[in-house]
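These are the residues of each chain, in order.
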Number of protein chains: 2
Amino acid sequence: MFVLGIDPGLSRCGYCCLDTDGRAHTTMAIGVLTTPPDAPVPQRLAELASDLRSLFDELQPQAVAVERVLFQVNVRTAISVGQASGLVLAEAAGRGCEVVEYSPNQVKGAVAGHGAADKNEVATMVQWLLGLSRPPHPADAADAAAIALCHIAISGTTVGAAR
Amino acid sequence: MFVLGIDPGLSRCGYCCLDTDGRAHTTMAIGVLTTPPDAPVPQRLAELASDLRSLFDELQPQAVAVERVLFQVNVRTAISVGQASGLVLAEAAGRGCEVVEYSPNQVKGAVAGHGAADKNEVATMVQWLLGLSRPPHPADAADAAAIALCHIAISGTTVGAAR
């Protein structure tokens with residue numbers, strides 16, 4: 001099954017789509033959707049919504065894992081991250097995908113073994129788990145891969161058995 | 001021109017569409033879009049996105065005024081209000097509407113004369129300004145009308161002159 005991990009954001013929205021049987025994973029797509037920081041926020045949100053539609057059209061994921069927005073983490077960007085996450089969750093659920101949110105600590109714990117892992121540790125573990133030649137760049141893409149891997153780890157036994 | 005005011009929210013998203021020449025206004029539509037509180041958030045966001053598309057299809061507004069999300073006001077609902085506002089702003093800008101955000105204080109100041117006006121004062125002023133037989137209900141619908149009136153008041157001279 002195709003699992004799409006998304007790290008929502010308005011400047012950089014990370015995504016990573018893995019084809020998995022619950023144990024072995026193939027990286028189908030990994031990258032970031034960006035919008036111009038100097039454009040008005042409504043325009044940027046419309047652009048992100050359009051890019052998300054294209055991404056879902058192309059990848060046709062069955063499951064979508066999204067990092068949960070926690071406002072205490074970064075108040076400065078909390079509003080735009082919340083708005084971006086709204087677009088992601090609505091697009092995924094509107095298409096009938098399974099949609100699950102994970103906290104940053106759940107994602108770090110599932111991938112790096114502890115919830116206090118820094119960005120470099122997460123990127124290095126993602127590189128190793130996916131057999132990549134180098135850590136994914138930028139960090140938002142690595143985070144999206146970690147979110148997809150977190151979903152596979154947490155729902156792992158049912159993914160392999162049910163599909 | 002048609003000005004659509006929106007008070008974003010996931011449980012109740014208020015809307016009010018006014019046909020205006022900058023001075024006289026006709027209420028074309030007023031109400032709330034609701035989603036079931038017991039459904040999963042992604043489903044509710046998908047439902048709201050679909051209802052917003054239908055509303056925009058029906059009303060074809062030229063300008064959309066949206067209440068700005070301020071996280072200090074209500075931390076408990078800030079996440080879902082931010083997610084809902086993302087859907088509204090993306091839908092409006094994606095259709096090429098003029099999109100403007102106003103703070104709660106700007107809206108209250110424009111309609112009731114002072115930024116500390118309570119919900120009853122706002123609803124009563126909306127009733128009077130729109131010549132309604134009673135204050136709009138629920139408060140989210142009255143707030144949406146106040147947001148549309150705020151946009152007309154602030155952009156008033158250009159609305160009348162340019163369109």
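Residues numbered from 1 in each chain as written. Chains lettered and ligands numbered in written order. Predicted model: local features only at pLDDT ≥ 70, side-chain atom pairs only at ≥ 80, totals over all residues. Heavy atoms only, no water.

Student: Would you take a moment to explain the UniProt feature "binding site: Mg(2+) 1" (unreviewed entry) in chain A for this structure?
Tutor: All names here are of chain A. Cross-referencing UniProt, the feature "binding site: Mg(2+) 1" (unreviewed entry) maps to D7 and D140 in the present numbering. On the basis of their most widely separated C-alpha atoms, the annotated residues across 134 residues gather in one place, lying no more than 6.4 Å apart. As for its position among the elements, D7 is in strand 1 (residues 2-7). Of the residues examined, D7 reaches a relative accessible area of 10% and is grouped as buried. You can see D140 is positioned in helix 5 (residues 139-154). Taking the relative accessible area as the measure of exposure, D140 reaches 14% and is therefore buried. When residues no more than four places from it in sequence are discounted, the contact partners of D140 are D7, R12, G14 and V32. (UniProt positions renumbered as here; feature names shortened; annotations may be inferred. Helix = DSSP H or I, 4+ residues; strand = E, 2+ residues; numbered from the N terminus. Buried < 20%, exposed > 50% of the residue type's maximum accessible area, 1.4 Å probe, protein only. Contact = heavy atoms within 4.5 Å.)

Student: Just to check I follow, could you spell out the UniProt feature "binding site: Mg(2+) 2" (unreviewed entry) in chain A for this structure?
Tutor: Residue and element names in this part refer to chain A. UniProt annotation of "binding site: Mg(2+) 2" (unreviewed entry) refers to E67 when read in the numbering used here. Relative to the helices and strands, E67 resides in strand 4 (residues 63-67). Contact partners of E67, with chain neighbours within four places excluded, come to I6, D7, P8, Y102, P104, V107 and I147.

Student: What am I meant to see in the nonpolar core here?
Tutor: In globular proteins that are soluble, nonpolar side chains generally tend to be buried together. Among the nonpolar cores identified, the biggest contains 48 residues, and A:L4 and B:L4 are the most heavily contacted of them. When residues no more than four places from it in sequence are discounted, the contact partners of A:L4 are A:Y15, A:C16, A:C17, A:L55, A:F56, A:L59, A:P61, A:A63, A:V64 and A:A65. Formed by 22 residues, the second largest nonpolar core is a distinct cluster that contains B:L18, B:V111, B:L130 and B:L149. (Core = buried A, V, L, I, M, F, W, Y, C linked by side-chain atoms within 4.5 Å.)

Student: Honestly, the environment of A:A90 in this entry has me stumped. Any pointers?
Tutor: Relative to the elements of secondary structure, A:A90 occurs in helix 2 (residues 75-94). A C-alpha to C-alpha distance of 9.9 Å links A:A90 and A:A49, two positions 41 residues apart in sequence.

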